[in-house]
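Listed here are the chains, written in short residue letters.
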Amino acid sequence: MDATGQGLNAIGGKTLKIIKGAPSFIGGILRSPALRYVAKRILLACFTVWIVITVTFFAMHAVPGGPFFSEKAVSPEVEAALREKYGLDKPLIVQYGSYLGDIIKGFDFGPSLKQKGRSVLGIISDGMKTSAALGISAAAIALVVGTLLGSTAALKRGSLADRLIMVMTTAFVSVPSFIAGTLLLLIFSAYTGWLPATATGGGISGLILPVATLSLYPTAYITRLTRASMLDTLGKDYIRTARAKGLSEGKIIFRHALKNSLIPVITYFGPMLAGIVTGSLVVERIFAVPGIGRDFVGSITGRDYPLIMGTTIILSMLVVFMNTLADFLYRALDPRITLE
């Protein structure tokens, strides 16, 4: 046998070994609790997103009206041509199957029906640049300030500082974002003129009021969550044991109490971050923020079906991803939690 034949035999033998060893390799992965949990969460995430797509698609088409209705009357011939161009003349189940196929094959949401010449993915991408910057900034402020205020209130329970923090957080939780945004706009823009009224053309200073408005409610909520969780943790047996061993109060608070107190905060933080990053419809309207929230409102009023679907899918995927990430962070904060 020549060298070429021997080489082919060697390659074939290695390939056969890989194929024979594949079942045991896959079985080893499936026997791993962590990997099995990841696979289960991925399947659950895909199922959740599919449910959102299905419900949104059929509910959207069930509403009376259409994307080509406007103040300017459109002739039946033009409307029929437009519906044929965008595939809206086909049976609803056919449209649904075609839409799912486009998403699976290339994550393609199609063209916008109202913003001519622009794809839905391009519109979402442009809007997300601004919305993500605002959302991440607001979420970071809420997490840091809320954790600090909640911890302070818990450690000084019953003091004047605790009562003041609770009064402020109760007020911020109770006030809707459109009222909070309007008040900030009146105080810092209309009356004092310190900050611009809109985010467009105002540079970094134009983003201060939207970020502050977006962060008020989550900051107050995280403060209350941290305080309640910290009080519960400080009463645990292992905290009393740590104090009996003579550990410093700083080590007890930061290494034991605060770490375990953050678990309920993470539960809330995941969906909250996804919601803020995707854009606050009301806040973006008040401050004329050119984010995804503005486009989403416009798509609803204009019946831009592809843009409605694309924005809804992106939001649901972010929420699912953040919830899954929060589950893994539980394990990092508390090794006693198992992923099964």
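Everything numeric here is computed off the predicted structure, so don't read it as measured data. In this convention, every chain numbers its residues from 1, walking through the sequence in written order. Per-residue local features of the predicted model are confined to residues with pLDDT of at least 70, and side-chain atom pairs are confined, for both listing and counting, to 80 or more; whole-chain, interface and lining totals are unaffected and use all residues. Heavy atoms throughout the structure, all of them, feed into the side-chain values; hydrogens and water do not.

**Topic: the overall build of the protein chain**
Logical step 1: Here a helix means four or more residues in a row that DSSP labels H or I, a strand means two or more in a row labelled E, and each is numbered from the N terminus. Across its full length, the protein chain holds 14 helices and zero strands.
Logical step 2: Along the protein chain, from the amino end to the carboxyl end, the secondary structure elements read α-α-α-α-α-α-α-α-α-α-α-α-α-α.
Logical step 3: Every one of the 340 residues in the protein chain was classed for burial, and the buried ones make up 37%.
Logical step 4: We call two residues contacting when some pair of their heavy atoms lies within 4.5 Å. Within the protein chain, residue pairs in contact and separated by at least 24 positions form 74% of the contacts whose partners lie at least 6 positions apart. With a 1.4 Å probe rolled over the protein chains alone, any residue whose accessible area is under 20% of its type maximum counts as buried; one over 50% counts as exposed, and the rest are partly exposed.

**Considerations on the packing of helix α5 (residues 120-155) against helix α8 (residues 208-234)**
The description of two helices packed together rests on the angle between their axes and the distance between the axes.
Logical step 1: Axes here refer to lines fitted to C-alpha atoms; in helices the fit is confined to the stretch in contact. Angles between the N-to-C directions go from 0 to 180 degrees. For the pair α5 and α8, interaxial distance at closest approach is 6 Å and the crossing angle is 35°. Between α5 and α8 lies a crossing whose hand is right-handed.
Logical step 2: Class assignment of the residues belonging to the contact of α5 with α8 gives a composition of 18 nonpolar, nine polar and one charged. Two helices cross in a left-handed way if the nearer one is turned anticlockwise from the farther one by less than a right angle. They cross in a right-handed way if the turn is clockwise. All residues other than Ala, Val, Leu, Ile, Met, Phe, Trp, Tyr, Cys, Pro, Asp, Glu, Lys and Arg, Gly among them, are scored as polar; the first ten of these are nonpolar and the last four charged.

**Digging into the packing of α5 against helix α13 (residues 292-301)**
Logical step 1: The geometry of α5 relative to α13 is characterised by a closest axis approach of 7 Å and an angle of 135° between their N-to-C directions. Judged by the inter-axis angle, α5 sits oblique to α13. Along the contact surface, α5 presents Ile123, Ile124, Gly127, Met128 and Ser131, while α13 presents Ile292, Gly293 and Asp295.
Logical step 2: Taken together, the residues that form the contact of α5 with α13 break down as four nonpolar, three polar and one charged. For this classification, under 35 degrees means roughly parallel, over 145 means roughly antiparallel, 65 to 115 means roughly perpendicular, and everything else is oblique.

**Section: helix α6 (residues 160-174)**
Logical step 1: One less than the residue count of a helix, multiplied by 1.5 Å, gives the span that helix is expected to have. Its 15 residues give α6 an end-to-end C-alpha distance of 21 Å, which sits within 8% of 21 Å, the value for a rise of 1.5 Å per residue.
Logical step 2: Every buried residue of α6 is accounted for by Asp162, Ile165, Met166 and Thr169. Around the axis of α6, the buried residues are gathered within 100° of arc, so they sit on the same side. The exposed set on the far side of α6, more than 90 degrees from its buried face, consists of Leu160, Val167 and Ser174. Throughout, the arc means that of the directions going from the helix axis to the C-beta atoms.

**Thoughts on the packing of aromatic side chains**
Logical step 1: Pairing of aromatic side chains here covers Phe, Tyr and the six-membered ring of Trp, requires ring centres within 6.5 Å, and sorts the geometry by plane angle: under 30 degrees stacked, over 60 edge-to-face, intermediate tilted. Summed over the entire model, instances satisfying the criterion amount to eight aromatic pairs.
Logical step 2: Ring geometry for phenylalanine 57 and phenylalanine 58: centres 5.4 Å apart, planes at 80°, overall edge-to-face.
Logical step 3: Exposure remark for phenylalanine 58: the relative accessible area of 30% places this residue in the partly exposed category.
Logical step 4: Taking 6.1 Å as the distance between ring centres and 45° as the angle between the ring planes, the aromatic pair formed by phenylalanine 188 and tryptophan 194 counts as tilted.
Logical step 5: Residue classification places tryptophan 194 among the exposed residues on the basis of a relative accessible area of 62%.
Logical step 6: The structure contains a cluster of three or more aromatic residues connected by ring pairs, namely Phe57, Phe58, Tyr96 and Tyr99.

**A closer look at the nonpolar core**
Logical step 1: Take the buried Ala, Val, Leu, Ile, Met, Phe, Trp, Tyr and Cys residues and link them wherever side-chain atoms come within 4.5 Å; each set so joined is a nonpolar core. In this structure, Ile53, Tyr99 and Ile313 are the most contacted members of the largest nonpolar core, which totals 49 residues.
Logical step 2: Elements represented by at least two residues in this core include exactly α2 (33-62), α4 (92-106), α5, α8, α11 (263-278), α13 and α14 (305-333).
Logical step 3: Here this core gets nine residues from one element, more than from any other, and that element is α5.
Logical step 4: Judged by nonpolar contacts, the second largest core, of eight residues, contains Leu234, Ala242, Ala257 and Leu258.

**Remarks on unusual backbone geometry**
Logical step 1: Of note, the phi angle at alanine 288 is positive, near 50°, even though the residue is not glycine.
Logical step 2: Here alanine 288 shows up in the loop between α12 (281-286) and α13.

**Describing helix α7 (residues 177-191)**
Logical step 1: Under the 1.5 Å per step criterion, the end-to-end length of α7 is 20 Å for 15 residues, consistent within 8% with the ideal 21 Å.
Logical step 2: A residue's bend is given by the angle between axes fitted to the 7 residues ending at it and the 7 residues starting at it. At leucine 185, α7 shows its largest bend, some 30°.
Logical step 3: Within α7 the residues assigned to the buried category are Ala180, Gly181, Leu184 and Ser189.
Logical step 4: Its buried side turned inward, α7 meets α8 and α12.

**Remarks on the side chain of threonine 147**
Logical step 1: Summarising the element assignment, threonine 147 is placed in helix α5.
Logical step 2: The buried category is assigned to threonine 147, whose relative accessible area is 12%.
Logical step 3: If we ignore the near neighbours within four places in the chain, the residues touching threonine 147 are Ala142, Ile222, Thr226, Leu258 and Leu262.

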